[in-house]
Amino acid sequence: MAVANPSAGIFDALFYNSGTYASPTLVKIDGLENLTFDDDRNVIPLKIRRYMTELNLTGQMVKKLSFGLMTEPGGTVWDAIHAAYNNRTAIEIFAFYKYTDNSGSPSSGDKAIRLNCKVSKFSRNQELEAIDMNDVELVPSARLMASQSSVHEPDIYTVS
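**Quick look at the overall build of the protein**
Consideration 1: Check the secondary structure of the protein and you find one helix and eight strands.
Consideration 2: Reading the protein from its N end, one meets helices and strands in the order β-β-β-β-α-β-β-β-β.
Consideration 3: A total of 160 residues make up the protein; the buried ones form 30% of that total.
Consideration 4: Sequence-distant contacts in the protein: of pairs separated by 6 or more residues, those separated by 24 or more amount to 58%.
Consideration 5: With the model as given, the accessible surface of the protein reaches about 10,500 Å², and the carbon-plus-sulfur share is 49%.

**Observations concerning unusual backbone geometry**
Consideration 1: Unlike most non-glycine residues, R88 shows phi in positive territory, near 55 degrees.
Consideration 2: By the element assignment, R88 lies in the loop between α1 (76–87) and β5 (91–98).

**A look at the pattern of salt bridges**
Oppositely charged side chains are able to pair whenever their charged atoms sit close together.
Consideration 1: Following the criterion strictly, the structure yields five salt bridges and no others.
Consideration 2: A salt bridge links K47 to E54; the shortest N-O distance between them is 3.7 Å.
Consideration 3: A network of salt bridges, in which partner residues are shared, links D38, K64 and E137.

**A look at a nonpolar patch on the surface**
Consideration 1: A surface patch of nonpolar side chains, amounting to about 230 Å² of accessible area, comprises I48, Y51 and L55.
Consideration 2: By secondary structure assignment, the location of Y51 is in the loop between β3 (32–46) and β4 (55–70).

**Focus: the nonpolar core**
Consideration 1: Counting residues in hydrophobic clusters, the biggest one holds 20 residues, and the most contacted among them are L69, I81, I91, I93 and L138.
Consideration 2: Elements supplying a minimum of two residues to this core: β1 (13–17), β4, α1, β5, β6 (111–125) and β7 (133–140).
Consideration 3: Looking at this core element by element, the count peaks at five residues for β6.
Consideration 4: Each residue touching I81, except ones within four places of it in the same chain, is listed here: I29, F67, L69, I91, V119, F122 and V136.
Consideration 5: Listed in part, the seven residues of the second largest apolar core include A13, F15, F94 and V159.

**Examining the environment of P45**
Consideration 1: Residue placement: P45 occurs in strand β3.
Consideration 2: Residue classification places P45 among the partly exposed positions, given a relative accessible area of 45%.
Consideration 3: Separated by 11 residues in sequence, P45 and N56 place their C-alpha atoms 4.5 Å apart.
Consideration 4: Setting aside residues up to four positions removed in sequence, P45 forms contacts with E54, L55 and N56.

Calculation rules
Residues numbered from 1 in each chain as written. Predicted model: local features only at pLDDT ≥ 70, side-chain atom pairs only at ≥ 80, totals over all residues. Heavy atoms only, no water. Helix = DSSP H or I, 4+ residues; strand = E, 2+ residues; numbered from the N terminus. Buried < 20%, exposed > 50% of the residue type's maximum accessible area, 1.4 Å probe, protein only. Contact = heavy atoms within 4.5 Å. Areas by Shrake-Rupley, 256 points an atom, 1.4 Å probe, with all protein chains shown as cover. Salt bridge = Lys/Arg side-chain N within 4 Å of Asp/Glu carboxyl O. Patch = residues over 30% accessible without salt bridge, like charges linked within 9 Å, V, L, I, M, F, W, Y side chains within 5 Å. Core = buried A, V, L, I, M, F, W, Y, C linked by side-chain atoms within 4.5 Å.

Keep in mind that these numbers describe shape and distance, not what the molecule does.
What follows is the structure in structure tokens.
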């Protein structure tokens, strides 16, 4: 059975929002290495004598986005993520997993996981014969973005 629209990392895309929540302006983050999106649930063990086996309930979701970002001071993307880290401000990220044009802007029907994030890690790697990279981790934030009046939990975003 053939897969109609397979996805591969080289064709997926990551953007940040330089606009507002209601009217996002997406800026492509293109100096990336591997990207990992962790999407887990906390496990709540149920250990009671009624059962011979430890059973579990699932709790809240735990999401984290991590990637290698080429060190590029003065570059729009690097500066935006670095500033969000240094200033402890939120940054909104769109992690596209259905993306039809890997060279440009998202098209109608493309899908992304939309996250209002805090940068929890921004370490620097300077290997001898490699491009300087930053290990970046982003986690959902409970802080409001700019002029927002409510916290936005991670959600699926479909380009219209």
